[in-house]
Amino acid sequence: GENVEQHPSTLSVQEGDSAVIKCTYSDSASNYFPWYKQELGKRPQLIIDIRSNVGEKKDQRIAVTLNKTAKHFSLHITETQPEDSAVYFCAASSPSYDYKLSFGAGTTVTVRA
Amino acid sequence: AAGVIQSPRHLIKEKRETATLKCYPIPRHDTVYWYQQGPGQDPQFLISFYEKMQSDKGSIPDRFSAQQFSDYHSELNMSSLELGDSALYFCASSLSADPYNEQFFGPGTRLTVL
(Lines give C-alpha, C1' and ligand atoms only; values in the text may rest on other atoms or scores of the structure.)
Protein backbone atom coordinates (compact mmCIF):
# COMPACT_ATOMS: atom_id res chain seq x y z
CA GLY A 1 0.00 0.00 0.00
CA GLU A 2 0.86 3.68 0.06
CA ASN A 3 3.68 4.61 2.45
CA VAL A 4 3.87 8.17 3.77
CA GLU A 5 6.85 9.38 5.77
CA GLN A 6 6.82 12.62 7.72
CA HIS A 7 9.63 14.67 9.26
CA PRO A 8 10.40 15.97 11.78
CA SER A 9 8.49 14.19 14.52
CA THR A 10 8.77 17.22 16.81
CA LEU A 11 9.33 20.88 16.01
CA SER A 12 9.79 23.76 18.42
CA VAL A 13 9.78 27.29 17.03
CA GLN A 14 9.80 30.77 18.46
CA GLU A 15 6.60 32.72 18.01
CA GLY A 16 6.76 34.64 14.75
CA ASP A 17 9.19 32.23 13.12
CA SER A 18 8.31 29.79 10.34
CA ALA A 19 7.67 26.07 10.63
CA VAL A 20 8.23 23.56 7.84
CA ILE A 21 7.09 19.94 7.79
CA LYS A 22 8.06 17.56 5.00
CA CYS A 23 6.44 14.38 3.75
CA THR A 24 7.24 11.80 1.09
CA TYR A 25 4.94 9.26 -0.50
CA SER A 26 5.49 6.07 -2.45
CA ASP A 27 2.58 5.67 -4.88
CA SER A 28 3.03 7.78 -8.00
CA ALA A 29 -0.73 7.53 -8.63
CA SER A 30 -1.54 9.48 -5.45
CA ASN A 31 -3.41 12.64 -6.41
CA TYR A 32 -4.67 14.24 -3.20
CA PHE A 33 -2.54 15.46 -0.31
CA PRO A 34 -4.36 16.92 2.70
CA TRP A 35 -2.79 18.33 5.85
CA TYR A 36 -4.53 17.98 9.19
CA LYS A 37 -4.13 19.73 12.50
CA GLN A 38 -5.17 17.69 15.49
CA GLU A 39 -5.57 18.79 19.06
CA LEU A 40 -5.63 16.25 21.86
CA GLY A 41 -8.74 14.07 21.71
CA LYS A 42 -10.22 15.97 18.78
CA ARG A 43 -10.82 15.03 15.19
CA PRO A 44 -8.20 15.74 12.52
CA GLN A 45 -9.03 19.18 11.15
CA LEU A 46 -8.25 19.82 7.50
CA ILE A 47 -6.17 22.97 7.25
CA ILE A 48 -5.11 22.87 3.61
CA ASP A 49 -4.90 20.37 0.79
CA ILE A 50 -3.25 20.17 -2.58
CA ARG A 51 -4.29 18.23 -5.64
CA SER A 52 -1.86 16.64 -8.05
CA ASN A 53 -2.57 19.15 -10.81
CA VAL A 54 -0.99 22.06 -8.91
CA GLY A 55 2.44 22.62 -7.42
CA GLU A 56 1.69 25.16 -4.73
CA LYS A 57 -1.23 26.49 -2.76
CA LYS A 58 -1.42 29.23 -0.16
CA ASP A 59 -4.03 30.22 2.39
CA GLN A 60 -3.03 33.18 4.56
CA ARG A 61 -0.13 32.00 6.76
CA ILE A 62 -0.21 28.43 5.48
CA ALA A 63 1.24 27.14 2.21
CA VAL A 64 1.78 23.71 0.76
CA THR A 65 4.07 22.66 -2.08
CA LEU A 66 4.02 19.46 -4.09
CA ASN A 67 6.81 17.93 -6.15
CA LYS A 68 5.29 15.01 -8.04
CA THR A 69 8.56 13.99 -9.64
CA ALA A 70 10.29 13.61 -6.31
CA LYS A 71 7.10 12.45 -4.59
CA HIS A 72 7.29 14.85 -1.73
CA PHE A 73 5.15 17.65 -0.34
CA SER A 74 5.68 20.19 2.38
CA LEU A 75 3.70 22.39 4.75
CA HIS A 76 4.92 25.88 5.54
CA ILE A 77 3.48 27.95 8.38
CA THR A 78 4.69 31.54 8.57
CA GLU A 79 4.45 33.99 11.47
CA THR A 80 3.67 31.18 13.89
CA GLN A 81 1.42 31.87 16.86
CA PRO A 82 0.94 29.92 20.12
CA GLU A 83 -2.41 28.63 18.83
CA ASP A 84 -0.55 26.88 16.02
CA SER A 85 0.77 24.43 18.64
CA ALA A 86 -0.73 21.01 17.82
CA VAL A 87 0.03 17.73 16.06
CA TYR A 88 0.11 18.02 12.29
CA PHE A 89 -0.43 15.06 9.97
CA CYS A 90 0.20 14.86 6.27
CA ALA A 91 -1.71 12.29 4.25
CA ALA A 92 -1.91 10.95 0.73
CA SER A 93 -4.77 9.43 -1.17
CA SER A 94 -4.58 7.30 -4.30
CA PRO A 95 -7.18 5.83 -6.64
CA SER A 96 -4.98 2.70 -6.58
CA TYR A 97 -6.01 2.18 -2.96
CA ASP A 98 -9.63 3.25 -3.10
CA TYR A 99 -8.77 6.79 -1.96
CA LYS A 100 -8.21 5.73 1.63
CA LEU A 101 -5.98 8.17 3.46
CA SER A 102 -2.48 7.04 4.37
CA PHE A 103 -1.14 9.27 7.11
CA GLY A 104 2.34 10.29 8.09
CA ALA A 105 3.37 9.64 11.67
CA GLY A 106 2.68 13.23 12.71
CA THR A 107 4.69 16.26 13.80
CA THR A 108 4.20 17.80 17.23
CA VAL A 109 4.64 21.53 16.79
CA THR A 110 5.28 23.72 19.81
CA VAL A 111 5.31 27.48 19.38
CA ARG A 112 7.22 29.20 22.20
CA ALA A 113 5.84 32.58 23.23
CA ALA B 1 -23.80 22.73 7.07
CA ALA B 2 -24.42 19.20 8.27
CA GLY B 3 -21.35 17.29 9.37
CA VAL B 4 -20.51 13.66 10.00
CA ILE B 5 -22.16 12.37 13.16
CA GLN B 6 -20.72 9.60 15.30
CA SER B 7 -22.26 7.92 18.28
CA PRO B 8 -21.57 7.32 21.02
CA ARG B 9 -18.86 9.89 21.65
CA HIS B 10 -17.46 7.92 24.56
CA LEU B 11 -17.75 4.24 25.35
CA ILE B 12 -16.34 2.21 28.21
CA LYS B 13 -16.35 -1.58 27.96
CA GLU B 14 -14.85 -4.53 29.76
CA LYS B 15 -12.53 -7.03 28.11
CA ARG B 16 -14.32 -9.62 26.00
CA GLU B 17 -17.42 -7.43 25.67
CA THR B 18 -18.92 -6.18 22.41
CA ALA B 19 -19.19 -2.62 21.14
CA THR B 20 -21.06 -1.01 18.26
CA LEU B 21 -20.00 2.34 16.86
CA LYS B 22 -22.26 4.29 14.52
CA CYS B 23 -21.50 6.79 11.80
CA TYR B 24 -23.92 9.04 9.95
CA PRO B 25 -22.28 10.58 6.87
CA ILE B 26 -22.91 14.02 5.44
CA PRO B 27 -26.17 13.95 3.43
CA ARG B 28 -25.62 12.75 -0.15
CA HIS B 29 -22.20 11.30 0.69
CA ASP B 30 -22.07 7.70 -0.50
CA THR B 31 -18.67 6.59 0.82
CA VAL B 32 -17.65 5.93 4.42
CA TYR B 33 -14.21 5.24 5.86
CA TRP B 34 -13.32 4.02 9.34
CA TYR B 35 -10.00 4.87 11.00
CA GLN B 36 -8.52 3.81 14.33
CA GLN B 37 -6.12 6.11 16.18
CA GLY B 38 -4.22 4.77 19.18
CA PRO B 39 -2.59 7.10 21.73
CA GLY B 40 0.22 9.06 20.11
CA GLN B 41 -0.35 7.32 16.78
CA ASP B 42 -1.53 8.42 13.38
CA PRO B 43 -4.98 7.30 12.19
CA GLN B 44 -4.93 3.84 10.63
CA PHE B 45 -7.40 2.84 7.96
CA LEU B 46 -9.73 0.00 8.95
CA ILE B 47 -12.39 -0.41 6.29
CA SER B 48 -14.44 1.52 3.74
CA PHE B 49 -17.80 1.26 2.04
CA TYR B 50 -19.17 2.63 -1.19
CA GLU B 51 -22.84 2.36 -2.02
CA LYS B 52 -23.39 -0.14 0.80
CA MET B 53 -20.66 -2.47 -0.44
CA GLN B 54 -17.28 -2.96 1.22
CA SER B 55 -14.75 -1.29 -1.04
CA ASP B 56 -11.46 -1.75 0.80
CA LYS B 57 -10.12 -3.34 3.95
CA GLY B 58 -7.08 -2.39 5.98
CA SER B 59 -5.61 -3.66 9.21
CA ILE B 60 -8.94 -4.62 10.74
CA PRO B 61 -8.99 -7.59 13.12
CA ASP B 62 -11.29 -10.50 12.33
CA ARG B 63 -13.10 -9.65 15.58
CA PHE B 64 -14.34 -6.47 13.93
CA SER B 65 -17.01 -6.25 11.26
CA ALA B 66 -18.78 -3.36 9.64
CA GLN B 67 -21.53 -2.58 7.20
CA GLN B 68 -23.19 0.30 5.46
CA PHE B 69 -26.96 0.49 5.42
CA SER B 70 -29.47 1.67 2.84
CA ASP B 71 -29.50 5.17 4.37
CA TYR B 72 -25.68 5.20 4.04
CA HIS B 73 -25.01 5.18 7.75
CA SER B 74 -22.38 2.69 8.84
CA GLU B 75 -21.80 0.61 11.94
CA LEU B 76 -18.55 -0.86 13.22
CA ASN B 77 -19.08 -3.93 15.38
CA MET B 78 -16.29 -4.97 17.68
CA SER B 79 -16.40 -8.25 19.58
CA SER B 80 -14.17 -9.93 22.17
CA LEU B 81 -12.72 -6.55 23.04
CA GLU B 82 -9.10 -6.39 24.12
CA LEU B 83 -7.22 -3.73 26.06
CA GLY B 84 -5.38 -2.81 22.86
CA ASP B 85 -8.65 -1.84 21.19
CA SER B 86 -8.75 1.29 23.35
CA ALA B 87 -8.46 4.12 20.85
CA LEU B 88 -10.21 6.92 19.06
CA TYR B 89 -12.33 5.67 16.18
CA PHE B 90 -13.04 8.14 13.41
CA CYS B 91 -15.50 7.85 10.60
CA ALA B 92 -15.08 9.97 7.49
CA SER B 93 -17.44 10.41 4.58
CA SER B 94 -16.93 11.50 1.01
CA LEU B 95 -18.72 11.86 -2.28
CA SER B 96 -17.54 9.38 -4.89
CA ALA B 97 -18.23 11.93 -7.64
CA ASP B 98 -15.42 14.09 -6.22
CA PRO B 99 -12.36 13.14 -8.31
CA TYR B 100 -10.13 13.75 -5.28
CA ASN B 101 -12.47 12.15 -2.77
CA GLU B 102 -12.03 14.75 -0.03
CA GLN B 103 -12.95 13.11 3.26
CA PHE B 104 -14.81 14.82 6.08
CA PHE B 105 -14.14 13.49 9.56
CA GLY B 106 -16.62 12.95 12.33
CA PRO B 107 -15.82 13.91 15.95
CA GLY B 108 -14.78 10.38 16.79
CA THR B 109 -15.73 7.79 19.39
CA ARG B 110 -13.35 7.28 22.27
CA LEU B 111 -13.42 3.61 23.23
CA THR B 112 -11.88 2.58 26.52
CA VAL B 113 -11.54 -1.13 27.28
CA LEU B 114 -10.95 -1.96 30.94
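Quick caveat, the model's predicted, so the values are computed rather than measured.

How each quantity is defined
- Residues numbered from 1 in each chain as written.
- Chains lettered and ligands numbered in written order.
- Predicted model: local features only at pLDDT ≥ 70, side-chain atom pairs only at ≥ 80, totals over all residues.
- Heavy atoms only, no water.
- Helix = DSSP H or I, 4+ residues; strand = E, 2+ residues; numbered from the N terminus.
- Buried < 20%, exposed > 50% of the residue type's maximum accessible area, 1.4 Å probe, protein only.
- Contact = heavy atoms within 4.5 Å.
- Salt bridge = Lys/Arg side-chain N within 4 Å of Asp/Glu carboxyl O.
- Polar contact = N/O pair within 3.5 Å; in protein donor to acceptor, adjacent residues only side chain to side chain.
- Nonpolar A, V, L, I, M, F, W, Y, C, P; charged D, E, K, R; others polar.
- Disulfide = S-S within 2.5 Å.
- Pairing = 2+ DSSP bridges.
- 1 Å grid on protein atoms, 1.4 Å probe; cavity = no way out; pocket = protein on both sides within 12 Å on 5 of 7 lines; lining within 4 Å.
- Points joined across faces, edges and corners; volume = space filled by probe spheres on them.
- Axes fitted to C-alpha atoms, helices over the stretch in contact; angles between N-to-C directions.

**Here's the deal with the side chain of Glu102(B)**
Relative to the helices and strands, Glu102(B) resides in the loop between β9 (87-94) and β10 (104-105). The exposure class assigned to Glu102(B) is buried, which follows from its relative accessible area of 17%. Not counting the four nearest positions on each side in its chain, Glu102(B) is found in contact with Tyr32(A), Leu46(A), Asp49(A), Arg51(A), Ser93(B) and Ser94(B).

**Re the interface of chain B and chain A**
Between chain B and chain A, the contact holds 21 residues from the first and 23 residues from the second. The interface formed by chain B and chain A holds two salt bridges in total. Note that Glu102(B) is salt-bridged to Arg51(A), the shortest N-O span being 3.6 Å. On inspection of chain B and its partner chain A, the count reaches seven residue pairs in polar contact (both at pLDDT 80 or more). Among the elements of the structure, β4 (31-37), β5 (44-50), β6 (53-57) and β9 of chain B are those that each provide at least two residues to the side of chain B that touches chain A. Among the elements that line the side of chain B that touches chain A, the one with the most residues is β4(B), at three residues. Taken together, the residues that form the side of chain B that touches chain A break down as ten nonpolar, seven polar and four charged.

**Describing the state of the cysteines**
All chains considered together, the criterion is met by two disulfides over all chains. There is a disulfide in this structure between Cys23(A) and Cys90(A), and the S-S distance comes to 2.0 Å. Measuring the twist about the S-S bond at about -100°, one finds the Cys23(A)-Cys90(A) disulfide to be left-handed. Of this pair, Cys23(A) sits in strand β3 (residues 19-25) while Cys90(A) is found in strand β9 (residues 86-93), placing the two residues 67 residues apart along the sequence. For the residue pair Cys23(A) and Cys90(A), the accessibility class agrees, reading buried in each case. Through a disulfide, Cys23(B) is tied to Cys91(B); the S-S separation comes to 1.7 Å. In this structure, the disulfide formed by Cys23(B) and Cys91(B) twists by about -45° around the S-S bond and is classed as left-handed. With Cys23(B) in strand β3 (residues 19-24) and Cys91(B) in strand β9, the pair connects residues that are 68 residues apart, well separated along the chain. When sorted by exposure, Cys23(B) lands in the same class as Cys91(B), which is buried.

**Brief notes about the pairing of β3(A)**
In the case of a regular strand, side chains alternate between the two sheet surfaces. Residue and element names in this part refer to chain A. Burial along β3 is one-sided: the residues Ala19, Ile21, Cys23 and Tyr25 are buried and none of Val20, Lys22 and Thr24 is. Across four bridges, the pairing between strand β1 (residues 4-7) and β3 is antiparallel. Residue Val4 lies in a different strand from β3, and its bridge partner there is Tyr25. As judged from the six bridges shared by β3 and strand β8 (residues 72-77), these two strands associate in the antiparallel manner. Directly across from Thr24, in β8, lies its bridge partner His72.

**Description of the layout of surface pockets**
In this model, the largest pocket occupies a volume close to 390 Å³. Around the largest pocket, the lining comprises 23 residues; the ones closest to its centre are Leu40(A), Gln37(B), Gly38(B), Pro39(B) and Gly40(B). Elements that contribute at least two residues to the lining of the largest pocket include exactly β9 and β11 (107-112) of chain A together with β9 and β11 (109-113) of chain B. Looking at the lining of the largest pocket, the element that brings in the most residues is β11(B), giving three residues. Looking at the lining of the largest pocket residue by residue, the classes come out as eight nonpolar, twelve polar and three charged. Put simply, the second largest pocket is a space of about 230 Å³. Lining the second largest pocket are 14 residues, and of these Glu2(A), Leu101(A), Ser102(A), Gln44(B) and Phe45(B) sit closest to its centre. Residues that form the lining of the second largest pocket fall into these classes: five nonpolar, six polar and three charged.

**Regarding the sheet that holds β3(B)**
Note on sheets: strands pair through backbone hydrogen bonds, and any given pair is parallel or antiparallel. Residue and element names in this part refer to chain B. Spatially, β1-β3-β8-β7 is the arrangement adopted by the four strands of the open sheet, whose pairing is antiparallel. Looking at strand neighbours, the two that pair on one side only are β1 (5-7) and β7 (64-68), the edges of this open sheet. For this sheet, the mean angle separating the axes of adjacent strands, direction not counted, is 15°. Note: β1 against β3, three bridges, orientation antiparallel. When the sheet's bridge partners are listed, Gln6 is paired in β3 with Cys23.

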